[in-house]
Each structure stands twice: as C-alpha cells, then as structure tokens.
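For reference, the chains in residue letters:
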Amino acid sequence: MARVAFIGLGNMGGGMAANLAKKGHDVRAFDLSADALARAEAAGCLAANDASAAIAGAEAIVTMLPAGTHVESVYTDAVFGSAAPTAILIDCSTIDVATAKRVAEAALAKGLTAVDAPVSGGIGAANAGTLTFMVGGSAEGFARAEPFLADMGKAVIHAGASGAGQAAKICNNMLLGVTMAGTCEAFLLAEKLGLDAQKFYDIASVSSGQSWSMTSYCPVPGVGPDTPADHDYQGGFAAALMLKDLRLAMAAAEDSGASTPMGAKARGLYERLAEQGQGGLDFSALIRMLRG
Ligand code: NAD
C-alpha cells in the first residue's frame, strides 16, 4: 500500500479519500475547509496542515477541486514544489481541456508525470467506490494512475493523450444535457397529445427514441426505475453542475471550432433553470421549468 496525498475533500473527494484509506493506503489529506478535513480524519485519513505537507513523500497525488483555477493554483503553489520526482499526479476534477493540458505540460517540464482523470458518477458513486474514470495522459502515466483509480471506482478507461479525459467527460455530459432536454420535451408533448406517460415510456424505451435519460433516468415521477424525479428532484446530479459542464463544453467548442447548436440550446435552458434558483435540484427538474 502507498502513501497518497488527497487535496479537495468536498462532496466527491471526501468519499474518494475515504475509499483509498479503506483500501489500506496511507492517505494524507488537505482541504481549506476545517469541517471537510475533520470528516476525512474520521474516515481514516491523516489531516495535513497544508497541501505541501500532504504532498511531500507521497507516491500518488490526487486532486478533486471545483474548477481549473483551483487546480492550476494548487499545482503551482504546492504540487510542483513538494512532489517527489517519482510521484504520479492525478487530477480528478472536472476542468477545461486547455488547463488540463497546460498543467500536464508544466508537470512534464519539471520531470513529473500528470494525468487528467475526471469521473462519471455522483456523490453516491464516490462514496460507494463505483466511479468511472476517463483518463488523459501517456500510457506510462495511465499505468501508474490506474491502480489508485481502481481503488475508487468500477471502471478506469484510457481516453488518450493529456486533456482527453476532460474531453470525454464534457462531450459525454453535453450529450446527456441534450438527451435530457429532448426527453423532457417529448414527455410534455406526449402529455399535450393525451398520451399516457407510462405508455409513452414503454414504447420509447424499446424504440429509436431510447436513451439513458429516458430508460435509466426518466424525468417523470412514477415512470421507469426509481430516479430523483420520484423524490421531488432532490439528490442526483445538480442542475448547477450540468450547467458547469455545458459551459465547459461550449468553451471547448468555441476554441476548437466545433458546431454544437444543440449543446448551446441545452446550456441556455440550464442557465434559465439556475436563474430561477433551481440549480440545486437534479438536472431532470428541467421538465418542471418547461411545463411552466
Ligand atoms: P465541492 O465544492 O463539494 O468540493 C471541492 C472542495 O475543494 C471543497 O471542500 C473546497 O474547500 C476544496 N478546495 C477548494 N480550493 C482548495 C484549495 N486551494 N486547497 C484545498 N482544498 C480546496 O465539489 P465536489 O462536488 O466535490 O466536486 C469536485 C469536482 O468534481 C468538481 O470539479 C465537479 O465538477 C466534479 N464532479 C462533481 C460531481 C458531483 O456530483 N458533485 C460529479 C462528477 C464530477
């Protein structure tokens, strides 16, 4: 078992660090929040006084931070100065592709190996150790990061070179945002046309309109498997986080010259939902806004 530094012990990082400790790793944890740090300590991690203290002597350095600016500043202020030359740097945050690439290049210039490894799966999967990791980096970086990621998840996939993990994450979530918006619209049109929601679900889930948003995450209460819609849209994947991912996807589309009109439309819908103070609800709550 290894010494692991874990920086960023929030909703996601808290459970992930706890799972590494459960697997027997010596986890040195740091977060700016004293409460988050205390929870990590209770879950079997050792609380460090600052990020540099957590990082010194670690074989793997995992970060799970809100956005690219946080990742870049933790790397610049602490990781680059304190990481052992043999450490593998693993950023699991969802951040923009450009920052992910820049951080990996800066690491390489200092003789360090870094991978981007964003996750699919929410807080429940982080706590249960059933996340999916999509990894960007060299084959060597992937091979070194994989055992640590496997201790926190159910699937670890090498997406390609640096930034490819983030690219996979935002493309997947853009598709999810679009299919959820389309699924909500289809249920509302079916309702206006007098079609029973359960009947429409039974048909569309075995027809060409089928998608994960329809079959596994139905936005209509009482239809399909148990989803946040059955719990007044509490829990699940917050609309504010879907909006964050759609904004990242639209920024990447602009940078790369990709045409993504449906992604832009979905971002606009989630912006409206957030402006109405509903950003904390599950992203399938879009159906309530569209119903009006
Ligand atoms: P969070 O806000 O709950 O946690 C982030 C933590 O980072 C906080 O505890 C904060 O105090 C800490 N932090 C910020 N700056 C720091 C610094 N300089 N040094 C040390 N700690 C610092 O966020 P979260 O929900 O855990 O999400 C983390 C990342 O995972 C985000 O990039 C998010 O987009 C992504 N993500 C979240 C979910 C989800 O369902 N919550 C799902 C998939 C991906």
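Values in this document were obtained by computation on a predicted structure and should not be read as measured data.

### Overview of the domain arrangement of the chain
Here is step 1 of the chain: Along its sequence, the chain is organised into domain 1 (3-161) and domain 2 (167-291).
Here is step 2 of the chain: Placing a centre on the C-alpha atoms of domain 1 and another on those of domain 2 gives a separation of 29 Å.
Here is step 3 of the chain: Facing the eleven residues of domain 1 at the interface are seven residues of domain 2.
Here is step 4 of the chain: Contact between domain 1 and domain 2 buries roughly 700 Å² in total, counting both sides, with carbon and sulfur atoms accounting for 67%.

### Digging into the environment of Phe-6
Here is step 1 of the chain: Residue position: Phe-6 is located in strand β1 (residues 3-7).
Here is step 2 of the chain: Taking the C-alpha atoms as reference, Phe-6 lies 6.2 Å from Arg-28; in sequence the two are 22 residues apart.
Here is step 3 of the chain: When neighbours within four sequence positions are excluded, Phe-6 is seen to be in contact with Gly-13, Met-16, Ala-17, Leu-20, Val-27, Arg-28, Ala-29, Phe-30, Val-62, Met-64 and Met-152.

### Quick look at the pattern of salt bridges
Here is step 1 of the chain: A full pass over the atoms with the stated rule returns seven salt bridges.
Here is step 2 of the chain: A salt bridge links Arg-102 to Glu-72, with the nearest nitrogen and oxygen atoms 2.8 Å apart. Here Glu-72 lies in helix α4 (residues 68-82) and Arg-102 lies in helix α5 (residues 97-109), a separation of 30 residues in the sequence.
Here is step 3 of the chain: We classify Arg-102 as partly exposed; its relative accessible area is 40%.
Here is step 4 of the chain: Residue Glu-72 is classed as partly exposed on the basis of its relative accessible area of 26%.
Here is step 5 of the chain: Of the charged contacts, one joins Arg-288 and Asp-232 as a salt bridge, the two residues approaching to 2.9 Å between their closest N and O atoms. Of this pair, Arg-288 sits in helix α13 (residues 286-291) while Asp-232 sits in the loop between α10 (212-215) and α11 (239-256); the two residues are 56 residues apart in sequence, bridging distant segments of the chain.
Here is step 6 of the chain: Bridged by salt links that share partners, the residues Arg-3, Asp-26 and Arg-28 form one connected network.

### Some words on the site of the ligand
Here is step 1 of the chain: In the vicinity of the ligand, 22 residues are found, and the nearest of them are Asn-11, Met-12, Asp-31, Leu-65 and Lys-244.
Here is step 2 of the chain: One of the backbone N or O atoms of Asn-11 is found 2.9 Å from an oxygen atom in the ligand.
Here is step 3 of the chain: Pro-66 is positioned such that a nitrogen or oxygen atom in its backbone is 3.1 Å from an oxygen atom of the ligand.
Here is step 4 of the chain: Protein burial of the ligand: of its 840 Å² of free accessible surface, 84% is covered by the chains.
Here is step 5 of the chain: Those elements that place two or more of their residues in the shell around the ligand are α4 and α11.
Here is step 6 of the chain: Per-class residue counts for the shell around the ligand are eleven nonpolar, eight polar and three charged.
Here is step 7 of the chain: The residue makeup of the shell around the ligand includes at least three contributed by each of domain 1 (3-161) and domain 2 (167-291).

### As for the nonpolar core
Here is step 1 of the chain: Grouped together as the largest cluster of nonpolar side chains are 61 residues, with contacts concentrated most on Phe-6, Met-16, Leu-89, Ile-90, Cys-92, Phe-133 and Leu-149.
Here is step 2 of the chain: Broken down by element, the residue count for this core peaks at six residues, all from α4.
Here is step 3 of the chain: Ile-90 has contacts with Ile-61, Val-62, Thr-63, Tyr-75, Val-115, Ala-117, Ala-145, Phe-148 and Leu-149, leaving out every residue within four places of it along the chain.
Here is step 4 of the chain: Judged by nonpolar contacts, the second largest core, of 32 residues, contains Ala-181, Ala-204, Met-214 and Ala-229.

### As for the packing of helix α8 (residues 164-192) against α11
Here is step 1 of the chain: Contact geometry for α8 and α11: axes closest at 9 Å, N-to-C directions at 115°. In the packing of α8 onto α11, the handedness of the crossing is left-handed. Along its contact with α8, which presents Lys-169, Ile-170, Asn-173, Met-174, Leu-176 and Gly-177, the element α11 presents Met-242, Asp-245, Leu-246, Leu-248, Ala-249, Met-250 and Ala-252.
Here is step 2 of the chain: Partitioned by chemical class, the residues of the contact of α8 with α11 number nine nonpolar, two polar and two charged.

### What about the packing of aromatic side chains?
Here is step 1 of the chain: If you walk through the whole model with that rule in mind, you get six aromatic pairs.
Here is step 2 of the chain: On the numbers, 5.2 Å between centres and 85° between planes, the contact of Phe-187 with Phe-200 is edge-to-face. Of this pair, Phe-187 sits in helix α8 while Phe-200 sits in helix α9 (residues 197-204), and the two are 13 residues apart along the sequence.
Here is step 3 of the chain: Judged by its relative accessible area of 17%, Phe-200 falls in the buried class.
Here is step 4 of the chain: Members of the aromatic cluster, joined through ring pairs, are Trp-212, Tyr-217, Phe-237, Tyr-270 and Phe-283.

Rules and cut-offs
Residues numbered from 1 in each chain as written. Predicted model: local features only at pLDDT ≥ 70, side-chain atom pairs only at ≥ 80, totals over all residues. Heavy atoms only, no water. Domains from an automatic or database assignment. Contact = heavy atoms within 4.5 Å. Buried area = accessible area lost by both parts, 1.4 Å probe. Helix = DSSP H or I, 4+ residues; strand = E, 2+ residues; numbered from the N terminus. Salt bridge = Lys/Arg side-chain N within 4 Å of Asp/Glu carboxyl O. Buried < 20%, exposed > 50% of the residue type's maximum accessible area, 1.4 Å probe, protein only. Near = heavy atom within 4 Å. Polar contact = N/O pair within 3.5 Å; in protein donor to acceptor, adjacent residues only side chain to side chain. Areas by Shrake-Rupley, 256 points an atom, 1.4 Å probe, with all protein chains shown as cover. Nonpolar A, V, L, I, M, F, W, Y, C, P; charged D, E, K, R; others polar. Core = buried A, V, L, I, M, F, W, Y, C linked by side-chain atoms within 4.5 Å. Axes fitted to C-alpha atoms, helices over the stretch in contact; angles between N-to-C directions. Left-handed = near helix turned anticlockwise from the far one by under 90°. Phe/Tyr/Trp six-rings, centres within 6.5 Å; stacked < 30°, edge-to-face > 60°.

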